[in-house]
Amino acid sequence: AQSVSQHNHHVILSEAASLELGCNYSYGGTVNLFWYVQYPGQHLQLLLKYFSGDPLVKGIKGFEAEFIKSKFSFNLRKPSVQWSDTAEYFCAVKAGGGADGLTFGKGTHLIIQP
Amino acid sequence: SQTIHQWPATLVQPVGSPLSLECTVEGTSNPNLYWYRQAAGRGLQLLFYSVGIGQISSEVPQNLSASRPQDRQFILSSKKLLLSDSGFYLCAWSVSVAKNIQYFGAGTRLSVL
């Protein structure tokens, strides 16, 4: 079975700092990759996704992620964070082509200090 | 546009009591439906998924069950709750098996005391 590892459980940054959240997965076949975000008091929502093609994908609010197949990684980045980026971030993997669900990492709680 | 509703938002139940959480989706037909649980300090764990009415797949053996009596309704149940059933329960839906972009409800926070 596949698994997802997020290396940082809690990250605290100052506004305008650069962000990189690590995500590694274990699965040898074709995968779809996702980053979800949950802002305080809000639904879990899709931040960005990778299915195929260009391994550098862009999402909402200036976020991007790079799929490196050789490293089984899908790290999330943002050049300059804002206070409003404070949230919980989840990396997720969909392995294979069936209807079964996503495998999530444990999440990273990001706090941006003004 | 599509929307997903979950209720109740919070629930406090005694050990041994039954449970019924409901999830409905509007604005789409024949969605894939999912129940996840997030326990404290852990990621989201897939509990059940359904590709159609009456079709339920279980990912983790446990004290819970799921049913899909209608196309856009997904119910999570238990006959007797355990302390370990406490957590945050999320319902999600998707329309594409291949891509499986999932859209989540607001969740139900269940506390079993």
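Above this note sits the structure.
Anyway, here's the lowdown on the structure attached to this text. (Residues numbered from 1 in each chain as written. Chains lettered and ligands numbered in written order. Predicted model: local features only at pLDDT ≥ 70, side-chain atom pairs only at ≥ 80, totals over all residues. Heavy atoms only, no water.)

1. A few points about the packing of aromatic side chains
All names here are of chain A. Definition in use: A pair of aromatic rings is counted whenever rings of Phe, Tyr or Trp (Trp by its six-membered ring) have centres within 6.5 Å, and the orientation is called stacked for planes under 30 degrees apart, edge-to-face for over 60 and tilted otherwise. A run of DSSP states H or I qualifies as a helix once it reaches four residues; a run of E qualifies as a strand once it reaches two. Both are numbered from the N-terminal end.
Using the criterion set out here, one finds 16 aromatic pairs over all chains in the structure. Arranged with centres 5.5 Å apart and planes meeting at 70 degrees, the rings of Tyr-25 and Phe-72 form a pair that is edge-to-face. One end of the pair, Tyr-25, is in strand E4 (residues 23–26); the other, Phe-72, is in the loop between strand E8 (64–68) and strand E9 (73–78), with 47 residues separating them in the sequence. Pairing Phe-90 with Phe-104 gives two aromatic rings, centres 6.4 Å apart and planes at 85 degrees, and the pair type is edge-to-face.

2. Details of the nonpolar core
Put simply, the rule reads: Remark: nonpolar core denotes a set of buried residues (Ala, Val, Leu, Ile, Met, Phe, Trp, Tyr, Cys) joined through side-chain atoms within 4.5 Å. Remark: exposure states derive from per-residue accessible area (1.4 Å probe, protein chains only) relative to the maximum for the residue type, with buried under 20%, exposed over 50%, and partly exposed in between. Contacts: residue pairs with any heavy atoms within 4.5 Å of one another.
Membership of the largest hydrophobic core comes to 28 residues, with the highest contact counts inside it found for Leu-33, Trp-35, Leu-48, Phe-74, Leu-76 and Tyr-89 of chain A. Ignoring sequence-local partners within four residues, the contact set of Tyr-89 of chain A consists of Gln-6, Leu-21, Trp-35, Tyr-36, Val-37, Tyr-39, Leu-47, Phe-63, Leu-76, Gly-107, Thr-108 and Leu-110 of chain A.

3. Things to note about the interface of chain A and chain B
As a reminder of what qualifies: Buried area counts how much accessible surface, traced with a 1.4 Å probe, disappears from two parts once they are put together, with both parts' losses summed. The term salt bridge refers to a side-chain nitrogen of Lys or Arg lying within 4 Å of a carboxyl oxygen of Asp or Glu. Pairs of N or O atoms are called polar contacts if they sit within 3.5 Å, as long as, within protein, a hydrogen donor faces a hydrogen acceptor (for residues adjacent in sequence, only side-chain-to-side-chain pairs).
On the chain B side, the residues contacting the 20 residues of chain A number 22 residues. For the pair chain A and chain B, the summed buried surface comes to about 1,700 Å²; carbon and sulfur atoms form 62% of the total. The three residues of chain A that bury the most area against chain B are His-43, Leu-44 and Ala-99 of chain A, which together make up 27% of that side's buried surface. The tally of links from chain A across to chain B stands at zero salt bridges. Across the contact surface, chain A and chain B share three residue pairs in polar contact (both at pLDDT 80 or more).

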